[in-house]
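Examining the three-dimensional arrangement
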Amino acid sequence: MSFRLVRQSKFRHVYGTCLKREQCFDNIRVSKSSWDSTFCAVNPKFCAIIVESGGGGAFIVLPLNKVNKAGRIPPDHPLVGGHKGPVLDIAWDPFNDNVIASGSEDCVVKVWQIPDYGLVTTMTESVVDLVYHQRRVGMVVWHPTANNILLSAGSDNIVVIWNVGCGEALSTIDAHPDIIYSCCFNWDGSLLLTTCKDKKIRIINPRDGEVFEEATSHEGSKATRAIFLRNGLVFTTGFSKRSERQYSLRAPGHLDDPITMVELDSSNGVMFPMYDPDTNLVYLCGKGDSVIRYFEITPEVPFVHYINTFQLPDPQRGIGMMPKRGVDVTTCEITRFYRLNNSGFCQIITMTVPRKSELFQEDLYPDTPGDIPAVTAEEWWEGQNKDPILMSLKDGYQATQKSELKVTKKKTNILDKMPPTGKVKSEEDGKATAISSEALEKVTEVSKVNDDLRKRIDELQTEMKKFKAVFLKQENRIRTLENKVSEMSGSGGTNASTQQQQQGRGRRVVEKLSPFPQPPAGPHCCGTTS
């Protein structure tokens, strides 16, 4: 007699459920861009989706609170539309649910501040514009532990690390010979993992751009993706030489020798790995697929254990994953997806672990990364690395009070704190430099005020032109009406004179034909004879 041993796992019976249609979002003009992006970003407050927009790029922001009900989105819903080209990627700030970054084909990265109640009118003014890339920006990623640190990657094969708080570039990484497919920080943000069109996977120091290790990821020529797991391992998705989709698990230091590599199918859609660090579950969502596969990563062979597949009737256009602090712990929900299809329907999918007890399940909800940064941007740039600050979900998620994002231009850039090269400048040179920098700041402020005044004057001139056009239109209309009135009065007098002439002519004819003398015309012409 043989016995089949079943692997013990608390996530072996995870199942997915679709919410009702009236609880989802419909009538969304999802972007038709061919760029390989998820087109959706979610946090506990908002759901942002890249949409089609004429005359530039835009994305829609939908509040998720109970006051704003889901359902059919009106066609004139306000958008965030300040880009001059199609938006390619969006990402919410992990420490401020009202701040979102967007990258576009106009080569600009914009950071936006969304009001708590959502959008009332279309937003076109961003908090800060980050300009450095020479070609389209296809990827934006926030740092997992440092505040206001943002990564952007473009088709110019350059990765830029930004300090959003002062609107400046901290470092640029030029280590890729071709288009960058994906970027991911590790658990404490000290390392950067990238994949490139040259089929290489690289581990890079994000501060100075030094490449620690590189290896061939997948042999196929199509796009690959790679993410860091919580334990430091690397999970990748890609294609084989025969264009079969694969996933692999690798260890840093031996990237060229995968721990395991498995072929899935022969579909041609790029697979996006969605990772939950609290449960060690990886969800594979392929672009154009109608399924979501999920796996569990464990130290036991074969290390990547297939759990199940969630089947849907229609293919997906994009997908967004809710952070763990936004799930419903009372129903044992461990993940929530916002799935987009080609018809403009945003479907909400919940992944649940079946439990009979209604109490808080501590084994399903360990402490998860919260919305408080572990280090500031300056501390991280100076070399400090810290794990994320964790929070408990036992009493539910309570958002901390956040102030609005304000960009302050510093007197000295962080890049200027590098050790000096060459001779040390004298004290007089330092004073002169300080004076010149202060003068430059004053000139910058004055020029900014002048720009604002010039902009206001242009707006007033535009308004005056509009009023002048309205006045001219009304004046022409009044003249037309006056002409019509005069014509009507002139035609009335002519008719009266013509009628009198006809009456006189008829009276003379009667006088000639009658044998009796006619009485004179006057007021008593109708009197009786005696």
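Conventions used here
- Residues numbered from 1 in each chain as written.
- Predicted model: local features only at pLDDT ≥ 70, side-chain atom pairs only at ≥ 80, totals over all residues.
- Heavy atoms only, no water.
- UniProt positions renumbered as here; feature names shortened; annotations may be inferred.
- Helix = DSSP H or I, 4+ residues; strand = E, 2+ residues; numbered from the N terminus.
- Buried < 20%, exposed > 50% of the residue type's maximum accessible area, 1.4 Å probe, protein only.
- Contact = heavy atoms within 4.5 Å.
- Phe/Tyr/Trp six-rings, centres within 6.5 Å; stacked < 30°, edge-to-face > 60°.
- Lys NZ or Arg CZ within 6 Å of the ring centre and 35° of its normal.
- Pairing = 2+ DSSP bridges.
- Axes fitted to C-alpha atoms, helices over the stretch in contact; angles between N-to-C directions.
- Polar contact = N/O pair within 3.5 Å; in protein donor to acceptor, adjacent residues only side chain to side chain.
- Patch = residues over 30% accessible without salt bridge, like charges linked within 9 Å, V, L, I, M, F, W, Y side chains within 5 Å.
- Areas by Shrake-Rupley, 256 points an atom, 1.4 Å probe, with all protein chains shown as cover.
- Salt bridge = Lys/Arg side-chain N within 4 Å of Asp/Glu carboxyl O.
- Core = buried A, V, L, I, M, F, W, Y, C linked by side-chain atoms within 4.5 Å.
- Disulfide = S-S within 2.5 Å.

For the chain, an unreviewed UniProt entry supplies the name Coronin and the organism Scylla paramamosain. Turning to the chain, the UniProt record has this under Sequence similarities (unreviewed entry): "Belongs to the WD repeat coronin family."

This part covers the overall build of the chain. When its secondary structure is counted, the chain shows 2 helices and 32 strands. Residues classed as buried in the chain amount to 46% of the 530 residues present. Excluding contacts between residues fewer than 6 apart, the proportion of contacts in the chain whose partners are at least 24 apart in sequence is 52%.

Applying the stated criterion to the full structure yields 9 aromatic pairs. For the pair Phe-46 and Trp-92, a centre-to-centre distance of 5.6 Å together with 15 degrees between the ring planes defines the contact as stacked. With Phe-46 in strand β4 (residues 46–51) and Trp-92 in strand β8 (residues 87–92), this residue pair connects regions lying 46 residues apart in the sequence. When its relative accessible area of 9% is taken as the criterion, Trp-92 is described as buried. Pairing Tyr-247 with Phe-295 gives two aromatic rings, centres 5.0 Å apart and planes at 50 degrees, and the pair type is tilted. Linking Tyr-247 in strand β22 (residues 245–250) with Phe-295 in strand β26 (residues 291–297), this pair joins segments that are 48 residues apart in sequence. In this pair, the class of Tyr-247 matches that of Phe-295, namely buried. One aromatic cluster is present, built from ring pairs that chain together Phe-235, Tyr-247, Phe-295 and Tyr-306. When the ring centre of Phe-345 is taken as reference, the NZ or CZ atom of Arg-21 above it lies at 4.1 Å. Taking NZ or CZ as reference, Lys-222 lies 5.2 Å from the ring centre of Phe-239, over its face.

Time to look at the sheet that holds strand β15 (residues 168–173). Taking strand neighbours across the sheet as the criterion, the 4 strands line up as β12-β13-β14-β15 in an open arrangement whose pairing is antiparallel. The outermost strands of the open sheet, each flanked by one partner alone, are β12 (137–142) and β15. The sheet shows a mean angle of 25 degrees between the axes of neighbouring strands, direction not considered. Across 5 bridges, β12 lies against strand β13 (residues 149–154) in antiparallel orientation. Bridge pairing links Val-137 to Gly-154 in β13.

What follows is about the environment of Ser-171. Tracing the chain through its elements places Ser-171 in strand β15. Those residues in contact with Ser-171 that lie beyond four places of it in its chain are Val-159, Val-160, Ile-161, Pro-206, Arg-207 and Trp-381. Of the polar contacts made by the side chain of Ser-171, one reaches the backbone oxygen of Pro-206; its length is 3.2 Å.

Let us look at the side chain of Ser-240. Along the chain, Ser-240 turns up in the loop between β21 (234–239) and β22. Setting aside residues no more than four positions away along its own chain, Ser-240 makes contact with Glu-219, Gly-220, Gln-246 and Glu-263.

The next point concerns a nonpolar patch on the surface. A cluster of nonpolar side chains, contributed by Phe-467, Val-470 and Phe-471, occupies part of the molecular surface with about 330 Å² of accessible area. Residue position: Val-470 is located in helix α2 (residues 427–513).

Next up on the list: the nonpolar core. Formed by 36 residues in total, the largest nonpolar core has its most connected members in Ile-28, Ile-49, Phe-59, Val-61, Ile-114 and Tyr-338. If you list the elements that add at least two residues to this core, you get β3 (40–42), β4, β5 (57–63), β8, β29 (333–341) and β30 (346–352). For this core, the leading source of residues is β4, giving 6 residues. The residues contacting Ile-114, other than those within four sequence positions of it, are Phe-46, Val-61, Val-80, Trp-92, Asn-98, Ile-100, Leu-119 and Met-123. Judged by nonpolar contacts, the second largest core, of 27 residues, contains Tyr-294, Leu-312, Val-329 and Met-391.

Here the focus is the state of the cysteines. Note on terminology: disulfide describes a covalent bond linking the sulfur atoms of two cysteines. Tallying each qualifying case throughout the model produces 0 disulfides. Take Cys-40: it sits in no disulfide, and the sulfur closest to it among the cysteines is that of Cys-47, at 3.9 Å. For Cys-47, a relative accessible area of 0% translates into the label buried.

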